[in-house]
Amino acid sequence: MKTYRVAILGCGDRGMAAGRAYHAHPRTEISGLCDLVRERADALGDEFGVVARYHDLDAMIVETKPDIVAIPTGTEFHHDLSMRVLEHGVNIEVEKPICVELNQADEVMATASEKGVRVAVHHQFRSGGLMRAVHRAIADGRIGRLRHMSANGKGYYGGYGLLNIGTHLLNSMTRLGGRCGRVYATASTDRRPIGPHDVLHSPNGMGTIAGESISAQLEFDGGVTATLLQQRMPAAGSTVRTLEILGTEGRVLFNPTLGAWLLETPWSLPDGHHDAWQALQAEAPESFEPDGRTELDDYWFVEEFVTALDENRDHESSGAEATHALEIIMGVFESAAYGRPVELPQAQRDHPLLRWRRESGLDAPKPGPRPYEHWLRLEDARLGRRVGA
């Protein structure tokens, strides 16, 4: 069977994770590495035994002829790099979220369609081992009919957490609940509803955001509803990213890094009955070696890509699914800004927060520091808070 050649564009931490998965899989081989920082490409090249190392992505693609180019870079670079790679007519894998604006994602998807290639986005938990076990339990009827989902982030500044962690949660929700057709959200900064002056340039290159605390209500196909919370806590990571899935006959708790548990009753249990929760076991491909350095969900992502290309179909975590997750995110921002429900998909594909500022006579927000903690200190200073209080 075909072995797929993979080039990696961006050799930082996410490039290392992707590289280990492609290196470990028996049907993919790394054909080339590209990074503007030579030391990063050398670190991956030395680990994987890849001698083809580049500063120029076009030269890498022309000379190594990959079937897939992985783009595990900062989000602000996703659109431009994806467009450059797609011009070569190559399948791409992009780190999440797909882009910082819907019109950018639309352009990527239109170009991929024109070139006849596939786009996958690294929402690895959607196609990973634990989610497969959760999906199988629900399909087997173990919690009855799905009725509601509830998710929360990791305590980041709300708007930033929505693009960072929320995109994973939303992508998992849509696998279970189908398409989201309607969003209603509220957002606050400094314990008051957001205003146009609270629209900010995100840390870590994730575009335009607003809201320290965000609460969203989502309506999915078939009457399934959901709640999504992205709220700043005293320390980032002080809350656990969790998705609770409620059915008519039971419920599932899902955390992609800690585990998944099933309760075959729709009601809470009294103290002393916590053993009623059953741990679900993550599924793994036969070729996966658990003692290696590759994360199971990253390996599943590669396994799914290989299978999808064999079958001439989209990846489970496709560009279309990632674009829909971005539609929901932009719907959350739009609803919070304008104070009304938003129907999906949106007819206007520009960024709603930038539109809101323009309508208020304001220019786009100026970029701030990229590192999250530095950005957060400046935001606290903007709000008149004593830093460190």
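Before reading further, recall that the structure is shown in the block above.
The structure displayed is predicted, hence computed values, not measured ones. (Residues numbered from 1 in each chain as written. Predicted model: local features only at pLDDT ≥ 70, side-chain atom pairs only at ≥ 80, totals over all residues. Heavy atoms only, no water.)

Draft legend 1. Quick look at the overall build of the protein. Helix and strand counts for the protein stand at 11 helices and 18 strands. Taking 2.2 N^0.38 as the reference for a compact globule, 389 residues should give roughly 21 Å; the C-alpha atoms of the protein span a radius of gyration of 21 Å, in line with that estimate. Considered along the principal axes of its C-alpha atoms, the protein spans approximately 55 × 55 × 40 Å. With 389 residues in all, the protein has 57% of them scored as buried. Restricting the contact set of the protein to residue pairs at least 6 apart, pairs at least 24 apart contribute 68%. Surface accessibility of the protein: about 16700 Å² in total, with carbon and sulfur atoms responsible for 49%. Counting 41 positive and 54 negative side-chain charges, the protein places the averaged centre of each group 4 Å from the other. (Helix = DSSP H or I, 4+ residues; strand = E, 2+ residues; numbered from the N terminus. Rg over C-alpha atoms; globule rule 2.2 N^0.38 Å. Buried < 20%, exposed > 50% of the residue type's maximum accessible area, 1.4 Å probe, protein only. Contact = heavy atoms within 4.5 Å. Areas by Shrake-Rupley, 256 points an atom, 1.4 Å probe, with all protein chains shown as cover. Lys, Arg positive; Asp, Glu negative; His and termini not counted. Charge placed at Lys NZ, Arg CZ, Asp CG, Glu CD.)

Draft legend 2. Structural view of the environment of I138. Here I138 shows up in helix α6 (residues 129-139). Classification of I138 as buried rests on a relative accessible area of 16%. In the structure, I138 is positioned 109 residues away from G247 in sequence and 8.6 Å away in space, judged by C-alpha atoms. Beyond its immediate stretch of four places on either side in the chain, I138 contacts I143, L176 and I245.

Draft legend 3. Up close: the pattern of salt bridges. Going through the model one piece at a time under the given rule, you end up with 38 salt bridges. With a closest N to O distance of 3.3 Å, R38 and D42 form a salt bridge. Taken as a pair, R38 and D42 lie in helix α2 (residues 38-48) at a separation of 4 residues, close to a single helical turn. The class of R38 is partly exposed, set by a relative accessible area of 36%. As a salt-bridge pair, R84 and D58 come within 2.4 Å of each other at their nearest N and O atoms. Residue R84 is found in helix α4 (residues 78-86), and its partner D58 is found in helix α3 (residues 57-64); the two are separated by 26 residues along the sequence. Looking at R84, the relative accessible area reads 37%, which means it is partly exposed. A network of salt bridges, in which partner residues are shared, links D190, E212, R232, D380 and R385. (Salt bridge = Lys/Arg side-chain N within 4 Å of Asp/Glu carboxyl O.)

Draft legend 4. Up close: the packing of α3 against α4. Packing of α3 against α4 leaves a shortest axis separation of 10 Å and a crossing angle of 30°. On the basis of the axis angle, α3 is roughly parallel to α4. Classified by chirality, the crossing of α4 by α3 is right-handed. Contact residues: L57, D58 and I61 in α3; L81, R84 and V85 in α4. (Axes fitted to C-alpha atoms, helices over the stretch in contact; angles between N-to-C directions. Parallel < 35°, antiparallel > 145°, perpendicular 65-115°, else oblique. Left-handed = near helix turned anticlockwise from the far one by under 90°.)

Draft legend 5. Spatial organisation of the environment of M173. On the secondary structure map, M173 appears in helix α7 (residues 158-177). A relative accessible area of 0% places M173 in the buried class. C-alpha of M173 to C-alpha of R38: the two residues are 135 residues apart in sequence and 39 Å apart in space. Residues in contact with M173, not counting those within four places in the same chain, are M149, S150, A151, G178, L218, F220, A226, T227 and L243.

Draft legend 6. Structural context of a nonpolar patch on the surface. Where nonpolar side chains cluster on the molecular surface, the patch consists of V240, L258 and W261 and spans about 280 Å² of accessible area. With respect to the helices and strands, the residue W261 is situated in strand β16 (residues 259-263). (Patch = residues over 30% accessible without salt bridge, like charges linked within 9 Å, V, L, I, M, F, W, Y side chains within 5 Å.)

Draft legend 7. Just the sheet that holds strand β3 (residues 53-54), in detail. Read across the open sheet, the 6 strands follow the order β3-β2-β1-β4-β5-β6; overall the sheet is parallel. Strand pairing shows two members of the sheet lacking a second neighbour, β3 and β6 (119-121), which therefore form its edges. Across 3 bridges, strand β5 (residues 91-94) lies against β6 in parallel orientation. Pairing of E93 across the sheet is with A120, part of β6. Along the sheet face, helix α1 (residues 13-24) touches β1 (4-9), β2 (28-34), β4 (68-71) and β5 and points at about 150° away from the line of β2. Here α3 sits on the sheet and contacts β1, β2, β3 and β4; the angle it forms with β2, its principal contact strand, is near 145°. (Pairing = 2+ DSSP bridges.)

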